[in-house]
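Architecture and fold: a report
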Amino acid sequence: MKYKRNPKREHAHMTTAREQIVSSLGDKEYRDAFVSEHISQGTAFQIRTTRKERGWSQAELARRAEMKQARISELENPDYECATLSTLKRLASALDVALSVRFVPFSKLVDYSLGISQTDLAVPNFDNDAGLEAAPSATWNNVQVVFNDYLSDLAHTALPSEAHPDVRYTTRGDLSFTTSPTVIAGMASKQPLESFADLWTKEFGTKPNVVPMTSWTTKRTVLTSDPLSGGIPEEVAS
Amino acid sequence: MPWNFLDYVDPGGQNAIKLWLDSLPTKVKARINTRLQHLAGLDVLSDTRYTEKLSGKYSNLIEIKIEANNVQYRPLAFYGPERWQITILFPAEERSDRFEPPGACDTALRRRIEVQAEPEKRTCAHDYS
């Protein structure tokens, strides 16, 4: 039996999820805990998911990182909070992935937290990092578009409720969907997302702006807009 | 595939999971909410480090494993009522290899039936506030 999406219900979820988190962040203690948990749990989930994606045992990762297996087990525990920066750097080297430590506005973390996906957690190594290939040109490549509350409503209005073979998108509540090149090309040509493009254009006075990417995992285009401030597409590295 | 977490709503219309979360220390609440956000992003939830299916008459339930402040939080949930949804039914804890309070699993099972009978009334999207 095919699962039928219920945009209205999903929208009810999404329209409040971001607001709920933002509301919670009004409490300084929660704010600090939110950051702390996303660091400790985020790294733990990433280490475990990436290791498994490589097909490595904990012992294998331990060997490569010159650590004990028990230490890897600790580091993969999302309830463990004592990973040091130097440990993370060693693991990054062992997994052959980059490590980005940056101070960011809370809004960045909130938006990231609402769109965590498997591709955020299983990080490709240097040799498999499609994002390092030559910059895309005229050919549309895979693009992930994440809509905020209001825009996702527009997307739901415009997207077909049943998956089309050329339209590979998934929803997470009303949070995001992932498109194929065809969809993006469709945005540009107004097929099959003409109503979306029209709605966007009417609402914000500009055509939807998306950025071609070379990989599902390297970047995403976050279209953060609201009816009051207008639409300003913003590209972020994930 | 992305998952959506739902909260059980009691017969009086109150979000029972939200009430529980609000009773917890701030850091614990942040930990649980953050855990749900990460679990929601996983394609498959079969890793027993994070969740585990219960056995026997409770095999329709799963426990979500979270430790904070030396307490083993074990919110009980089930996959459903729709595909890619997980409904949190009851906030159990684990002590000495047993769920607390006693009867937690039975309560969760009962709530599961309620949710399946009236999914629109007895669930709401997980409240992250």
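Our subject in this report is the structure included herewith. (Residues numbered from 1 in each chain as written. Chains lettered and ligands numbered in written order. Predicted model: local features only at pLDDT ≥ 70, side-chain atom pairs only at ≥ 80, totals over all residues. Heavy atoms only, no water.)

As a further point, take the overall build of chain A. Secondary structure summary: chain A contains 10 helices and 4 strands in total. Secondary structure of chain A in N-to-C order comes out as α-α-α-α-α-α-α-β-α-β-α-α-β-β. Residue pairs at least 24 apart in sequence account for 65% of intrachain contacts in chain A once pairs closer than 6 positions are excluded. Of the roughly 12,100 Å² of accessible surface on chain A, a fraction of 54% belongs to carbon and sulfur atoms. (Helix = DSSP H or I, 4+ residues; strand = E, 2+ residues; numbered from the N terminus. Contact = heavy atoms within 4.5 Å. Areas by Shrake-Rupley, 256 points an atom, 1.4 Å probe, with all protein chains shown as cover.)

To continue, consider the packing of aromatic side chains. Here a ring pair, both rings aromatic, is described through the centre-centre distance and the interplanar angle of the planes. Tallied over the entire structure, the rule returns 4 aromatic pairs over all chains. Aromatic side chains A:Phe45 and B:Tyr50 sit 4.3 Å apart centroid to centroid with 10 degrees between the ring planes, which places their arrangement in the stacked category. Here B:Tyr50 lies in the loop between α2 (26-41) and β2 (51-53) and A:Phe45 lies in helix α2 (residues 28-54), a pairing that spans two chains. Both residues of the pair, A:Phe45 and B:Tyr50, belong to the buried class. Residues B:Trp20 and B:Tyr73 carry aromatic rings whose centres are separated by 6.4 Å and whose planes lie at 55 degrees to one another, so their mutual orientation is tilted. With B:Trp20 in helix α1 (residues 16-22) and B:Tyr73 in strand β5 (residues 71-79), this pair connects stretches of sequence that are 53 residues apart. The same class applies to B:Trp20 and to B:Tyr73, which are both buried. Here a set of aromatic residues connected by ring pairs shows up, and it is made of B:Trp3, B:Tyr79 and B:Trp84. (Phe/Tyr/Trp six-rings, centres within 6.5 Å; stacked < 30°, edge-to-face > 60°. Buried < 20%, exposed > 50% of the residue type's maximum accessible area, 1.4 Å probe, protein only.)

The next thing to look at is the interface of chain A and chain B. Between chain A and chain B, the contact holds 40 residues from the first and 38 residues from the second. When chain A packs against chain B, the two sides together hide about 3,300 Å² of surface, and 49% of this comes from carbon and sulfur. Seen at the junction of chain A and chain B, the total is 7 salt bridges. Across the pair A:Glu76 and B:Arg49 runs a salt bridge whose closest N-O atoms are separated by 3.9 Å. Inspection of the chain A/chain B interface yields 17 residue pairs in polar contact (both at pLDDT 80 or more). Of all the secondary structure elements, the ones that give two or more residues to the side of chain A that touches chain B are α1 (7-24), α2, α6 (106-114) and α7 (118-121) of chain A. For the side of chain A that touches chain B, the element with the most residues is α2(A), which contributes 13 residues. Of the residues assigned to the side of chain A that touches chain B, the class counts are 12 nonpolar, 17 polar and 11 charged. (Buried area = accessible area lost by both parts, 1.4 Å probe. Salt bridge = Lys/Arg side-chain N within 4 Å of Asp/Glu carboxyl O. Polar contact = N/O pair within 3.5 Å; in protein donor to acceptor, adjacent residues only side chain to side chain. Nonpolar A, V, L, I, M, F, W, Y, C, P; charged D, E, K, R; others polar.)

Here the focus is the side chain of B:His38. Residue placement: B:His38 occurs in helix α2. Once you skip the residues sitting within four places of it in the chain, B:His38 turns out to touch A:His38, A:Gln41, A:Gly42, A:Phe45, A:Ile116 and A:Leu121.

A cluster of nonpolar side chains, contributed by A:Leu85, A:Leu99 and A:Val101, occupies part of the molecular surface with about 260 Å² of accessible area. You can see A:Val101 is positioned in the loop between α5 (85-95) and α6. (Patch = residues over 30% accessible without salt bridge, like charges linked within 9 Å, V, L, I, M, F, W, Y side chains within 5 Å.)

Right, let's get into the environment of A:Leu25. Residue and element names in this part refer to chain A. Inspection of the secondary structure puts leucine 25 in the loop between α1 and α2. Under the relative-accessibility criterion, leucine 25 is labelled buried at 8%. Note: C-alpha distance between leucine 25 and phenylalanine 106 (81 residues apart in sequence) is 8.6 Å. Once residues within four sequence positions are removed from consideration, leucine 25 is found in contact with Tyr30, Arg31, Phe34, Phe106 and Val110.

Read these as geometric descriptors, not functional statements.
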